[in-house]
Amino acid sequence: MSLSTSLLSEDQFTCSICLDVFTNPVSTPCGHSFCQVCICSYWDSNGNKACQCPLCKESFRKRPELHINRTLKEITEQFQRMAEAGLDVGGGLGGGGVEGGRGGGGVLGSDSRPPVPPRPGEMPVSVIAEMKNRFQRPATSRTPPPVSYPHPSTPQHTLPPPTSPGVALPSQRRFTLSGPADSTPDVPLCPAHLRGLDLFCRTDQTCVCATCVETEHQSHMILPAKREWQIKKSQLGITEVELRDLITERERKVEEIKTCLQDIQVCAERETQGTVHVFTSLVASVQRCQAELLQLVETARRAAHHHGQALLRELEQDISELKKKSSALTQLGQTDDCVLFLRVGARSLTLTRDWSDANVTSELSSGLVLRTVNQMVERFQEELRRLPEICGSVAPAGLQPPTDQAVSRHNPKVRKVQEYAADVTLDLATAHPRLLISEDRKQVRCSDQYQPVQDGPQRFNRVVCVLGQPGFSSGRHYWEVEVGGKTDWDVGVASSSINRKGKITVSPAHGYWFLSLRDRTDYAFRTEPSTALGLTTRPGKLGVFVDYEKGQVSFYDVEAKLLIYTYTDRFSDTIHPFFSPCTNKSGCNEAPLVICPISLPD
């Protein structure tokens, strides 16, 4: 393929990422070309983000399959060969090239006509010379010669071109000095040597003069300051596009936060109105309940009063009758008629009603109503005291992870999860040496002595815990653990790839999802930091339910039929039941964790 040298320009051979001539050029679907290594490195640095073009920012749904642009590579290689052969590329080499396009063989310097300036888009003469030096092939020697730089007193055309007989230095590989050696009049002067700062040291990222290059910056990467300025300026376009994207992203986030704040304001008003309405209804209900109780007390008092009055009337009548009989007996005792005495006396001694069991009783006397009211009010006050704590433990909207659901409520589905009962046993190969496991592998407790067991990669050697079998990689599974007699425990699930040696960091991010108890009352789900659970009752038997596909782990109070807590995540590995009886604390926590048999619901 022939190449018209008059059409060569810098943009045709420069990669916009490394700002160097193409090496194995490839083209993206949007039509832009880059070095194969440059674009692959650019995409790799973005991680899991979508691949996009560095120039136009067009995103691609999947990473494009890149193929080397053979035509562009051929043109680039031909350009390199021309540069190595010393041909005139893009208009001559500063007055020393051969004039082309006219069939003449004269030297350009001998022609009376002024040199033709490069057309728009063509590379200037200094850049062509620099490109020629850049593509000179190294010789077989491996000892790099010292780099020579132009001196202001030496004209540039008298300096020999820099060569690279050995391994090229960074400055020789990427750039060479071009342009006149004398300082430009408008360039600031070096404060140390009073010479123009028309060079740039990439190693120290500072402008230097020619004397600085010969003294402090001999082995550094040096190039003309204007050239560095052009490179930095060309990079501003990409940086500006990236900054616009960042600004757009942050503006979008600002709008999102404003929308969230508006939603929170609406929710706060709704919650306020609802809370006031509920408490107003509660006050009305308390007042109504108070009136009903007072009415009940009054009714009981009246019933007791009526019953007592009736008894009093009957007793007064009985007393009157007894008085009459007493008077008759007194008169009878004064008579001498024995027949009358016997007839009247026998009738007067007839037994009357037995009043020994007669009494007036009422539940009011026992104080049952008042005790019941006091107990109910105490429980209600306790719940009211805990209400701000429970509500305050919930993070504000937008900060609470959507996967966390700290709840403790009656759940009609507790019986349904028991349908997924799994036969879980303890894995002896993973148990810490201080753990004692029963023969049926259903109970585990911590002892004070280390057991003579063989260490292995699966065994925990610092934390007193053990995994269960089998492992789960799909489906739904449920098991129950007796925890009632302990002051401390950990129960849940763990990934099969967790760290089992030395100090262990427990959190869902490290493959642990479990509920814990500390000091009898401190219940928490182990996140970073731990999520405290304010439980009103202590579960004696804990149910664990896993839905692998949904990534959910739920904990139930089996006896109270309450859902304690649900955590939602994504499982990417096999998970196992996890148990830790914790240390026995000098006998205070020596009770074992027991995997219980499950009674399936009817």
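Residues numbered from 1 in each chain as written. Predicted model: local features only at pLDDT ≥ 70, side-chain atom pairs only at ≥ 80, totals over all residues. Heavy atoms only, no water.

Caption draft 1: Structural context of helix 6 (residues 225–332). Compared with the 160 Å implied by 1.5 Å per residue over 108 residues, the 152 Å span of helix 6 between its first and last C-alpha is a close match. Maximal helix bending in helix 6 amounts to about 30°, located at Gly 237. For helix 6, the complete set of buried residues consists of Ala 225, Arg 227, Glu 228, Ile 231, Ile 238, Val 241, Ala 304, Gly 308, Leu 311, Asp 318 and Leu 332. (Helix = DSSP H or I, 4+ residues; strand = E, 2+ residues; numbered from the N terminus. Expected span 1.5 Å × (residues − 1). Bend = angle between axes of the 7 residues up to and from the residue. Buried < 20%, exposed > 50% of the residue type's maximum accessible area, 1.4 Å probe, protein only.)

Caption draft 2: Main features of the nonpolar core. Ranked by internal contacts, the top residues of the largest apolar core, which has 36 residues, are Trp 479, Trp 489 and Phe 579. Residues contacting Phe 579, with those up to four places away along its chain left out, are Val 424, Leu 426, Cys 465, Val 466, Gly 468, Trp 479, Val 481, Asp 490, Leu 593 and Ile 595. Counting residues in each nonpolar core, the second largest holds 14 residues, with Val 26, Tyr 42, Trp 43 and Cys 53 among its members. (Core = buried A, V, L, I, M, F, W, Y, C linked by side-chain atoms within 4.5 Å. Contact = heavy atoms within 4.5 Å.)

Caption draft 3: Here's a closer look at helix 1 (residues 36–45). Within helix 1, the full set of buried residues consists of Cys 38, Ile 39, Tyr 42 and Trp 43. Down the axis of helix 1, the sector holding all buried residues measures 125°, keeping them to one side. When the buried face of helix 1 is taken as reference, the exposed residues oriented beyond 90 degrees from it are Val 37 and Ser 45. Next to the buried residues of helix 1 lie strand 1 (25–27), strand 2 (33–35), strand 3 (51–52), strand 4 (59–60) and helix 6. Note on helix 1: the residue one or two positions beyond its end, Gly 47, has a positive phi of about 70°. (Arc of directions from axis to C-beta.)

Caption draft 4: The arrangement of the sheet that holds strand 10 (residues 425–426) in detail. The strand order across the open sheet formed by seven strands is 10-13-22-15-16-17-18, and the pairing between neighbours is antiparallel. Edge positions in the open sheet fall to strand 10 and strand 18 (531–533), since each of these has one partner strand only. Relative to strand 13 (residues 466–469), strand 10 is paired through two bridges, and the arrangement is antiparallel. Residue pairing for strand 13: Leu 426 is matched across the bridge by Gly 468. (Pairing = 2+ DSSP bridges.)

Caption draft 5: Highlighting the pairing of strand 19 (residues 541–547). Counting buried positions over the seven residues of strand 19 gives six, a clear majority of the element. Two strands pair when backbone bridges link them, and strand 19 and strand 20 (residues 552–557) are joined in this way by six bridges, in the antiparallel orientation. Note on strand 20: the bridge partner recorded for Val 544 is Phe 555. Linking two consecutive strands that pair antiparallel, namely strand 19 and strand 20, is a turn of four residues; a positive phi of about 70° is found at Gly 551 within it.

Caption draft 6: Layout of the confidence of the model for the chain. Across the chain, the average pLDDT comes to 77, with 74% of residues at or above 70. The least confident element of the chain, judged by mean pLDDT, is helix 4 (residues 170–174) at 39; the most confident is strand 22 (residues 575–580) at 96. Below a pLDDT of 50 lies the segment residues 134–182, which in the model reaches 92 contacts outside its immediate sequence neighbourhood of four places, other chains included. When the criterion is pLDDT under 50, residues 393–410 qualifies, and its contacts beyond four places in sequence or with other chains add up to 26 contacts. (pLDDT = per-residue confidence, 0-100.)

Caption draft 7: Structural view of the state of the cysteines. By the definition in use, this model includes zero disulfides. The cysteine Cys 18 is free of any disulfide, with Cys 38 supplying the nearest cysteine sulfur at 3.7 Å. Accessibility expressed as a relative area gives 24% for Cys 18, which makes it partly exposed. Here Cys 209 stays free of any disulfide, with the sulfur of Cys 212 as its closest cysteine sulfur at 3.4 Å. (Disulfide = S-S within 2.5 Å.)

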